[in-house]
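Listed here are the chains, written in short residue letters.
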Amino acid sequence: MWPYSKVIAHRGGGTLSPENTLAAMQCGLDYGFAAVEFDVMLSKDGIPVLMHDPEFGRTIRGTGSVANSTVDELVKMDAGAWFSDQFIGEKVPTYEEVVRFCRAHGIWMNVEIKPAPGFEEETGRVVAEMTAAMFADVSVTDLSHLPLFSSFEFPALMAAKQAAPHIPRGFLIDEITPDWRAQLQALGASALHTNHRHLTPSLAKEIKDAGLGLFCYTVNTPERAAEILSWGVDAFCTDRLDLIPADF
Ligand code: G3P
Ligand code: MG
């Protein structure tokens, strides 16, 4: 049901490094994490890059958007200066670069498909096609060596399912709605990913009883992690790699 790690580094290195960069992946490694979550969005010319926000202004200085910038423009942008002077010059990485880095270091990936508004299906399809090509050497039954896609956007995951049905999917739902079973079934999803703040022990039990994986975001104290694990939650991502060890 959950053939992956229990503790996953959120956005690469959580709050200890600039999110969704290669430096963040290195940070996760340095803290002993062998599993990572990150966000993937398409550039104007349809190349997946690591990015959380569709609009600039937080991790990328200035104004503009990912969907209106080419990959050549994006990979020159500084994605580290906002975080601290130590990371000035850290660039926006492409998805392909990050997959290569993670595979080279044995890091498992939860690839969150994070489409810019209006690009849901295209993002799901392109990310899935590229992932299938990059993992063509891995057996479809070797789940712990294949990434797990997730998305809040149903159409994005549906497009991923069509393009690469053998790459597993987890549906991200902030607050679980009564139609969760039908949605997961339509997506052929193997897991439900949800905000731990809205989860209850009885909902957790229902999801586990349905034979699904159950993943929570984003758990930042050991006490809360222990509590949700006691409800049957399989795994969670964390920003606090310094407080919650990979072998928690
Ligand atoms: O995939 C779990 C979590 O990353 C979802 O929220 O906003 O941090 O991408 P967000
Ligand atoms: Mg995410």
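This text goes with the structure placed above it.
As a starting point, this report considers the structure included with it. (Residues numbered from 1 in each chain as written. Chains lettered and ligands numbered in written order. Predicted model: local features only at pLDDT ≥ 70, side-chain atom pairs only at ≥ 80, totals over all residues. Heavy atoms only, no water.)

## Some details on the overall build of the chain
Put simply, the test is: The way it works is that DSSP assigns letters per residue, a run of H or I at least four long becomes a helix, a run of E at least two long becomes a strand, and they are numbered from the N terminus. Every radius of gyration here is taken over C-alpha atoms, with the globule rule written as 2.2 Å times N^0.38, N being the number of residues. Only protein chains enter the area calculation, which uses a 1.4 Å probe; residues under 20% of their type maximum are buried, those over 50% are exposed, and those in between are partly exposed. Working rule for contacts: check all heavy atoms of both residues, and any pair within 4.5 Å makes them a contact. Positive: Lys, Arg. Negative: Asp, Glu. His and the chain ends are not part of the count. In plain terms, the charge of a residue is placed at NZ if it is Lys, CZ if Arg, CG if Asp and CD if Glu.
Regarding its fold elements, the chain presents 8 helices and 9 strands. The C-alpha atoms of the chain give 17 Å as radius of gyration, which agrees with the globular expectation for 248 residues (18 Å, within 12%). Oriented by its inertia axes, the alpha-carbon framework of the chain measures out at about 45 × 40 × 35 Å. Counting the 248 residues in the chain, one finds 54% classified as buried. If you take every contact in the chain between residues at least 6 apart in sequence, the share linking residues at least 24 apart comes to 55%. Computed over 19 positive and 33 negative side-chain charges, the separation of the two mean positions in the chain equals 2 Å.

## Quick word on the packing of helix 5 (residues 154-163) against helix 6 (residues 180-187)
Operational definition: Every angle, taken between N-to-C directions, lies between 0 and 180 degrees, and every axis is a line fitted to C-alpha atoms, over only the stretch in contact when it is a helix. To sort the angles, those under 35 degrees are grouped as roughly parallel, those over 145 as roughly antiparallel, those from 65 to 115 as roughly perpendicular, and the leftovers as oblique. Polarity classes work like this: nonpolar for Ala, Val, Leu, Ile, Met, Phe, Trp, Tyr, Cys and Pro, charged for Asp, Glu, Lys and Arg, and polar for all others, with Gly in that last group.
Between helix 5 and helix 6, whose axes approach to 9 Å, the crossing angle comes to 30°. Considering the angle they form, helix 5 stands roughly parallel to helix 6. Here Phe154, Leu157, Met158 and Lys161 of helix 5 lie close against helix 6, whose contacting residues are Gln183, Ala186 and Leu187. Looking at the contact of helix 5 with helix 6 residue by residue, the class counts come to 5 nonpolar, 1 polar and 1 charged.

## Looking at the site of ligand 1
Here is the rule: Being near a molecule or strand, for a residue, comes down to having at least one heavy atom within 4 Å of it. Throughout this description, a polar contact denotes any pair of N or O atoms lying within 3.5 Å of each other; where both atoms belong to protein, one of them has to be capable of donating a hydrogen while the other can accept it, and for residues adjacent in sequence the pair is counted only when both atoms sit in side chains. Only the protein chains shown count as cover for residues, and all accessible areas are computed by the Shrake-Rupley method using a 1.4 Å probe.
Taken together, the residues surrounding ligand 1 are His10, Arg11, Glu37, Asp39, His52, Glu112, Lys114, Phe152, Leu172 and Tyr217. In the model, an oxygen atom of ligand 1 is placed 2.8 Å from a nitrogen or oxygen of the Lys114 side chain. Starting from 290 Å² of accessible surface for ligand 1 in isolation, the protein chains cover 91%. Split into classes, the residues belonging to the shell around ligand 1 amount to 3 nonpolar, 2 polar and 5 charged.

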